[in-house]
Amino acid sequence: MQIGDIQLLFEYGSWAGERVLRAAEGVSDTELAAPAPFPCGSLRGTLVHALSAEWVWRLRWQGETPSGMLDEGAFPTLGTIRERWHEEKLAMRSYLAGLTDADLTRPLAVVNTRGVVQPPLPLGQMMLHLVNHGTQHRSEAAAMLTALGRSPGDLDLILFLRERASG
């Protein structure tokens, strides 16, 4: 595993996340918070959870110990979610830019939000987990948006790669 591969996957996640956020434009605050049969309870809950996971994991990798996820109530509108998502994207890019291939093999023990130290895993494996986690929640958000008549379209990696290659 190389840092360029990880950076590519995070850029893909950012691209796919932006497609989801664009599809959500025009969703009312009521629709954003409406109960949905998904683990995070609503479109807003799903988006905030995905954002929160990116934030929590980055902080852990930087040696911090967040005591909880972001508070969904602090993000009452899509605009507030989008603004914080942009900030996190920039912070993650900055963090990734400082890593080397060797850093990805470094075992890292992190503390979960309940204060329990987790067994060490290589940093690169944790990063792959986060990319995969984002895929799950973008898919859930896409399903909710599709039900609202606002599908984000295909979110496949190959589409991102082709779009990127065509410049």
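Note that the structure is a prediction, hence the values are computed from the model and not measured.

Conventions and cut-offs
- Within each chain, residue numbers correspond to sequence positions counted from 1 in written order.
- Totals for whole chains, interfaces and linings use all residues, but because this is a predicted model, local features are given only for residues with pLDDT of at least 70 and pairs of side-chain atoms are given and counted only at 80 or more.
- The side-chain quantities take in all heavy atoms of the structure and omit both hydrogens and water.
- The definition of a nonpolar core used throughout is a set of buried Ala, Val, Leu, Ile, Met, Phe, Trp, Tyr and Cys residues joined through side-chain atoms within 4.5 Å.
- Working definition: with a 1.4 Å probe on protein chains only, accessible area under 20% of the residue-type maximum means buried, over 50% means exposed, and in between means partly exposed.
- Segments assigned H or I by DSSP are reported as helices when at least four residues long, segments assigned E as strands when at least two residues long, and all are numbered from the N terminus.
- It only takes one pair of heavy atoms within 4.5 Å for two residues to be counted as in contact.
- Patch definition: residues with relative accessible area over 30% and no salt bridge; like charges joined within 9 Å; nonpolar side chains (Val, Leu, Ile, Met, Phe, Trp, Tyr) joined within 5 Å.
- In short, Shrake-Rupley with a 1.4 Å probe defines the accessible areas, and a residue's cover is counted only from the protein chains shown.
- Every case where a carboxyl oxygen of Asp or Glu lies within 4 Å of a side-chain nitrogen of Lys or Arg is listed as a salt bridge.

(A) A look at the nonpolar core. Within the largest apolar cluster, 29 residues are counted, with the highest numbers of intra-cluster contacts made by L32, L43, L47, I81, W85 and L145. Elements represented by at least two residues in this core include exactly α1 (3–24), α3 (43–61), α4 (78–97) and α6 (123–147). The element best represented in this core is α3, accounting for eight residues. In contact with W85, not counting residues within four places along its chain, are L21, L47, A50 and L51. Residues I3, Y95, L96 and L123 belong to the second largest nonpolar core, which totals 18 residues.

(B) View of the environment of L59. With respect to the helices and strands, L59 occurs in helix α3. Excluding residues that lie within four positions of it along the chain, L59 makes contacts with E64 and P66.

(C) Just a nonpolar patch on the surface, in detail. Taken together, the side chains of L157, I158 and L161 present a nonpolar region at the surface, about 210 Å² in accessible area. Relative to the helices and strands, L161 is located in helix α7 (residues 157–166). Among the residues examined, L161 registers a relative accessible area of 32% and is labelled partly exposed.

Remember that the coordinates give geometry; whether it matters functionally is a separate question.
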